[in-house]
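# Secondary and tertiary structure notes
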Amino acid sequence: MPLEPNHLANFLGNTVNDKFNSELLDLIIKRINKLCFEECQIDRIQCTLTPLCTRRFLLKLRIKNGLPLEDLPKFCYSVQKNIVLRDFRGKTVVYKPFDAYLYLVDFLDIFFHGDYRKLNKFISFQNWSEALEIFDDRIKNRDENFRYHLKGNYLIFKYDDRLHIIFVDEKYVLCNANRENIASLELLGAICEFYAKLYFPEIKVKLIKSEYIEVTSILPKDVLNTISKTPTVAENPSKKDHYFWNVFYEDLEAMVQFCKEIHLDYDWMGNLLIKLGINLETNNFNEKNNKIQLRYRDLRFLLNFIQRLYNEFYVIWL
């Protein structure tokens, strides 16, 4: 039987083999470099249409580990940048560039071309007043369709339904965040705050004991008092009766797979508080029985649930 991936994983995970690990890893690195620099990008048509690493994950490996452009297969990286650019401009692309990593300066060149050199300098040196002034000017005076949020090490941009994350200290950007794991509780909280600011400003977001982010939705007492006290049997029940007797519990069950905790409490005014505790793990398991990490796309289920409660059963009662 030939060697299989799990054989290598088990070998590297066995402390008895520590003195051999560096030799094995050197062999793997040599193979990766040969694939990237000699086999793939030499054939530019192949590199453009069907790169030898799926969705250019070896570029991500290099960029996320701080390697400079000089240590990347340059043509492969240029293709990645061009695909992000074409997708941003609504042009045809070979594949949608979800979870594509770029260096900060190249992201700025695509999305803020006229100001990208200044922005690269301001963000690199964290001169935030100058950088945010440029963003605000583009939104107010040039009608550019984006919003942003700065929190700690993260500068988050939203274009339509696409989310882009600048990792400030690392000077790289995750474009079109989708299937990647969310990197930290700080980033998770920043994204929740960002969406709350945009779509449901009365919703509360806070960090609980450095363990999870708590997002609190409110169902006003006046709404609760108009819901039927028993399951409705009418052919055309009201929107509230249909939702809270037939759909609400299903939504909560769906939230359980993504939440550490869910609490339903009443405040002193009789309003119902729905508290979702979210951390970096889901309650789903992989084939090795390890918890699956929370991904950017998982937040859509949570945020859609919150937005529905807010728009349909909160705003109309203000």
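Scroll up to find the structure.
What this report covers is the structure whose coordinates are included nearby. All values derive from a computational prediction rather than experimental measurement.

### Notes on the sheet that holds strand 6 (residues 204-208)
A sheet is described by the order of its strands in space; here 4 strands give the open sequence 6-7-9-8, paired in antiparallel fashion. Both edges of this open sheet fall to strand 6 and strand 8 (261-266), since each of them pairs with a single strand only. The sheet shows a mean angle of 25 degrees between the axes of neighbouring strands, direction not considered. Pairing of strand 8 with strand 9 (residues 272-278) involves 6 bridges; the strand directions are antiparallel. Along strand 9, the bridge assignment pairs D265 with L273. Of the strands in this sheet, strand 7 (212-219), strand 8 and strand 9 are in contact with helix 11 (residues 239-256), which crosses strand 8 at around 140 degrees.

### Here we look at the sheet that holds strand 5 (residues 172-175)
Read from one edge to the other, the open sheet built from 5 strands follows the order 1-5-4-3-2, with strand pairing classed as antiparallel. Edge positions in the open sheet fall to strand 1 (100-103) and strand 2 (147-151), since each of these has one partner strand only. Geometrically, the sheet is characterised by an average inter-axis angle of 20 degrees between neighbouring strands, direction not taken into account. One ladder, built from 4 bridges, connects strand 1 with strand 5; its direction is antiparallel. Across the sheet, the residue bridging to A100 is C175, located in strand 5. Along the sheet, helix 5 (residues 74-88) contacts strand 1, strand 3 (154-159), strand 4 (162-167) and strand 5; its crossing angle with strand 1, the most-contacted strand, is approximately 105 degrees.

### A few points about the nonpolar core
By size, the foremost hydrophobic cluster in this structure holds 92 residues, and its most contacted members are F112, I123, F135, F157, L188, Y296 and F305. In terms of residue count, helix 9 (residues 185-199) provides more of this core than any other element does, 9 residues in total. The residues touching L188, leaving out its near neighbours within four places in the chain, are I182, I213, I278, N279, L280, L294 and L299.

### Concerning the pairing of strand 3
Counting buried residues in strand 3 gives 6 out of 6 residues, a clear majority hidden from the surface. Of the two faces of strand 3, the one lined by Y154, I156 and K158 and the one lined by L155, F157 and Y159 are each fully buried. In the sheet, strand 2 pairs with strand 3 via 5 bridges, with the strands oriented antiparallel. The partner of L150 across the bridge, within strand 3, is L155. Between strand 2 and strand 3, which pair antiparallel in sequence order, lie 2 residues; one of them, G152, sits at a positive phi of approximately 60 degrees. Bridging between strand 3 and strand 4 involves 6 bridges; their strand directions are antiparallel. Within strand 4, the position partnered with I156 by the bridge is I165.

### Side note on helix 12 (residues 298-313)
Taking 1.5 Å per residue, 16 residues should reach 22 Å; helix 12 reaches 23 Å between its end C-alpha atoms and fits that length. Of all the positions in helix 12, only D298, L299, L302, L303, F305, I306, L309, Y310 and F313 are classed as buried. Across the axial projection of helix 12, the buried residues extend over an arc of 155 degrees, all falling on one side.

### Section: the side chain of S217
For S217, the location among the structural elements is in strand 7. Filtering out sequence-adjacent residues up to four positions away, S217 remains in contact with I203, L272, L273, I274, I306 and L309.

### Structural notes on the environment of K171
Among the structural elements, K171 can be located in the loop between strand 4 and strand 5. The exposure class of K171 is partly exposed, given its relative accessible area of 37%. In this structure, the C-alpha to C-alpha distance between K171 and Y314, residues 143 residues apart in sequence, is 40 Å. Residues in contact with K171, not counting those within four places in the same chain, are Y103, L104 and S124.

### Notes on the state of the cysteines
Applying the stated criterion to the full structure yields 0 disulfides. C47 provides the cysteine sulfur closest to C76, a residue in no disulfide bond, and the two sulfurs are 4.2 Å apart. Unpaired in terms of disulfides, C259 finds its nearest cysteine sulfur in C192, a separation of 9.8 Å. A relative accessible area of 3% means that C259 is categorised as buried.

### Considering unusual backbone geometry
Its identity is not glycine, yet Q126 carries a phi of approximately 55 degrees, on the positive side. Residue placement: Q126 occurs in the loop between helix 7 (116-124) and helix 8 (128-141). Residue classification places Q126 among the partly exposed positions, given a relative accessible area of 39%. Phi is positive for D160, close to 55 degrees, though the residue is something other than glycine. The topology assignment puts D160 in the loop between strand 3 and strand 4.

Conventions used here
- Residues numbered from 1 in each chain as written.
- Predicted model: local features only at pLDDT ≥ 70, side-chain atom pairs only at ≥ 80, totals over all residues.
- Heavy atoms only, no water.
- Pairing = 2+ DSSP bridges.
- Helix = DSSP H or I, 4+ residues; strand = E, 2+ residues; numbered from the N terminus.
- Axes fitted to C-alpha atoms, helices over the stretch in contact; angles between N-to-C directions.
- Contact = heavy atoms within 4.5 Å.
- Core = buried A, V, L, I, M, F, W, Y, C linked by side-chain atoms within 4.5 Å.
- Buried < 20%, exposed > 50% of the residue type's maximum accessible area, 1.4 Å probe, protein only.
- Expected span 1.5 Å × (residues − 1).
- Arc of directions from axis to C-beta.
- Disulfide = S-S within 2.5 Å.

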